[in-house]
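Listed below are the residues making up each chain.
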Amino acid sequence: MPILTEGEAAMFMDKVTEVVAHMIGIFHTTLEEERMREVYDKFKSLAAADPENDPIETMGVSFKAKYSLEGFTVDLIDTEEVAVEVANFINSPLHSGTYLPLTKLAPVVAAPTDTLSQQASVSGFGQATIMIEPPASVVVITVQYAFLNDNDVLLLGTGDTEFTDPAEFLAQLQQYQTIALAIAAPLSAEMVVPGENATLDAIALHDQISSAEVTTLTGVAAAMLHGADAFGQHINGQVSEIIPTLDDLWPAFRADDDDEVETTLDADAEPDADVASNDDWPDPFEGLAPGYSDTSPVDIEDGHAVVTGANILVNEVVINSAWLDAPVISVMGDVVNLSVISQINVLVDYDYGTFGECVASTAMNAATLSATATTPVPEGGEDAPDTPADLGLPSNWAVTRIEGDLIAVNQVIQYSFVTDDDRAEVRFDSTNVYISTGENSVINLTDLSELGFGYDLIMIGGSMISVNWINQINIMIDNDTVTYSGDLPAGFSGSDNLLFNGAVMNGVGVDTYGGMQDNFAAASAELANGALTIDESVAHDSVFEGTEILRVLYIEGDLTTVNWIEQTNVLGDSDQVHLALDNLEAATGATATVTTGSNATINIATINEYGVDSTIAVNGEVYDDALLYQAELIDTDADPLGVDMPALATEAVAFLADDMMTPEIGPADQTIAATAPESTTSPDVMQSMLA
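Described in the following lines is the structure provided in the data block. Predicted, not measured: the structure shown is a model, and the values here were computed from it. (Residues numbered from 1 in each chain as written. Predicted model: local features only at pLDDT ≥ 70, side-chain atom pairs only at ≥ 80, totals over all residues. Heavy atoms only, no water.)

1. Remarks on the overall build of the protein chain
Next up, step 1: For the protein chain, the count of helices and strands is 11 helices and 29 strands.
Next up, step 2: For the protein chain, the residues scored as buried account for 42% of the 691 residues in total.
Next up, step 3: When contacts within the protein chain are restricted to residue pairs at least 6 apart in sequence, long-range pairs at least 24 apart make up 91% of them.
Next up, step 4: As displayed, the protein chain offers around 39000 Å² of accessible surface, 55% of which is attributable to carbon and sulfur atoms. (Helix = DSSP H or I, 4+ residues; strand = E, 2+ residues; numbered from the N terminus. Buried < 20%, exposed > 50% of the residue type's maximum accessible area, 1.4 Å probe, protein only. Contact = heavy atoms within 4.5 Å. Areas by Shrake-Rupley, 256 points an atom, 1.4 Å probe, with all protein chains shown as cover.)

Structural data, given as structure tokens:
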């Protein structure tokens, strides 16, 4: 048998031995890495504990000004430089016939041979061309949809309570949406779209607004105001001096929370100086580290509370626009100016098994339409001067033009659909209990600010269209059923809901309409045929006194400005709660409260348009109107299951199919549909975040 040396034996290791050796090497490498990591962590912690706080080294920087500032030179004519006849080699920024002393410049062409006096007359081939930037079109389309299905089932008792299927409440919600559409039908319209038919569509919308009448549906309280009557502040169709704030309207359940927050903020606003100096700043990342847990008990009030309502739906839009305006505007076509506010509230609130004092719900439509002039008005006792001062006419003008239409469109659509039809069978075994299956918050927000251009004269070859439209709808179904066994609950809140529509249209700058002047009409015709500027018949019109350089914008087509807002909240909060309160007070020494209402659906829209007082010369017709439509349906006698709907539903369907609904203006194609079926993962994101 041959004998192998040690080196030769290593060359013939079997596969098992080789794998084991390889793994031992890996373990060794890993062990070294862990040792290095441990040493590095210690080094890092020591470095953090003893930071380098050496003084910052400063660098000396020296500045040297070559020139020194002198006093302000009032009159540039007293210059010692030689005046030249600039018309021969540069374009003068002023009219010929004026005196312009200039510093000597390198001539573009041969300089004049004669020597001019210090005050020379500028003569030549007319004025220079001053370039100004034309405005751009802006289109903002915002669509915000929010859907939440929070139909909870909570069984803490025996599970013998029979509940109604929430699908029946959903069908009822669909029927009342049809009713809401019928109430809003007099002002159902599509947005005016810029284009070839924009003028005709805007005039058709004006005709619809002028002929609109309040709905005649049974049980609906409605008011409609046209023209000047629509301006001012109105609440539910009545003139009001004050529009209440939401702080004054919140349901009692929410108002108590807000008071606690304000008290806490006030207490923390001015902390004690000694305490503040000794305390370190809180760690903003506390609670995010792995393994962190808050062992402090949850702070709840004494007693037992069940909350299945208290939902909040908010749609809010703010549009601040100062896009385009001028004190003088000429329009060769028609002028259409419309301001429309439509507000609808539909509340169905029927509670079965109520006890205790019931707090009524609040449904409010609040609107403000205002127009503020920018021209100062003489105060009382002051008379206007008999002889106005000679302000002078423009010495130069600049014209910029836009081929086609100029548009500024802001369309915002906000829609929230929430169902919170909870089913709960509750039994209390603890000293203090707080159970919440509601308290959802769904919010859509849009805030737009558009700052644009200002001119002295805007000349429009087509039509001038301006439409401000706000349409707000709240639909709330809050039919609750509460039963109990044993002791009487201490309190029950099945109503106390808030439906609020708030709309504000504020215009800064008042428009005054007049007939077309011949000089403006002639200049518009020349510009339409390709001219690049205007003549003195327009620039030296008396309306431009006091303007040094006239800025002119020519629009070949239409000027279309549309702010279109549509807001809809749909909330179904039909809760079914059974409380097992046998010997509750004797066993725990506390009472129980139930909150199935206290919901809030809120629509807030604000349109602020900033400009100047304008004189508009119109060659065509003027269609100027404003309309305010406020309606509400408050139903507290409906069947909670939606089986025996009032005759109103059939009446609403017939109303929508009446001849007053044109083919272009009909009910919405999409009906309310249930959200995705329940699954093991909760779709209630907001409640999970707030829990």
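2. Quick look at the pairing of strand E11 (residues 362–372)
Next up, step 1: Note: strand E4 (residues 232–235) against E11, 4 bridges, orientation antiparallel. Along E11, the bridge assignment pairs glycine 232 with leucine 369. (Pairing = 2+ DSSP bridges.)

3. As for the nonpolar core
Next up, step 1: Judged by nonpolar contacts, the single largest core of 45 residues is most densely connected at Ile183, Leu205 and Val467.
Next up, step 2: Mapped by element, the contributors of at least two residues to this core are helix H3 (166–183), helix H4 (198–211), strand E9 (335–348), strand E13 (406–419), strand E18 (464–477), strand E24 (559–572) and strand E29 (622–635).
Next up, step 3: Looking at this core, the element that brings in the most residues is H3, giving 7 residues. (Core = buried A, V, L, I, M, F, W, Y, C linked by side-chain atoms within 4.5 Å.)

4. Comments concerning the side chain of asparagine 151
Next up, step 1: Along the chain, the position of asparagine 151 falls in the loop between strand E1 (138–149) and strand E2 (153–155).
Next up, step 2: Residue class for asparagine 151 comes out buried when judged on its relative accessible area of 13%.
Next up, step 3: A polar side-chain atom of asparagine 151 sits 3.5 Å from a polar atom in the side chain of threonine 419.
Next up, step 4: There is a polar contact of 2.9 Å between the side chain of asparagine 151 and the backbone nitrogen of aspartate 421. (Polar contact = N/O pair within 3.5 Å; in protein donor to acceptor, adjacent residues only side chain to side chain.)

5. Regarding the sheet that holds strand E5 (residues 238–239)
Next up, step 1: The mixed open sheet is built from 7 strands, whose spatial order is E5-E4-E11-E21-E27-E7-E16. Each of the sheet's edge strands pairs with one partner strand only, and the pair in question is E5 and strand E16 (441–454).
Next up, step 2: Both strand E21 (residues 498–508) and strand E27 (residues 600–610) contribute to a ladder of 11 bridges, which runs parallel. Looking across to E27, one finds that phenylalanine 500 is bridged to isoleucine 602.

6. Description of the pattern of salt bridges
Next up, step 1: Tallied over the entire structure, the rule returns 2 salt bridges.
Next up, step 2: Across the pair arginine 401 and glutamate 403 runs a salt bridge whose closest N-O atoms are separated by 2.8 Å.
Next up, step 3: Between aspartate 456 and arginine 551 there is a salt bridge, and its shortest N-O distance comes to 3.2 Å. Of this pair, aspartate 456 sits in the loop between E16 and strand E17 (457–460) while arginine 551 sits in strand E23 (residues 549–555); the two residues are 95 residues apart in sequence, bridging distant segments of the chain. (Salt bridge = Lys/Arg side-chain N within 4 Å of Asp/Glu carboxyl O.)

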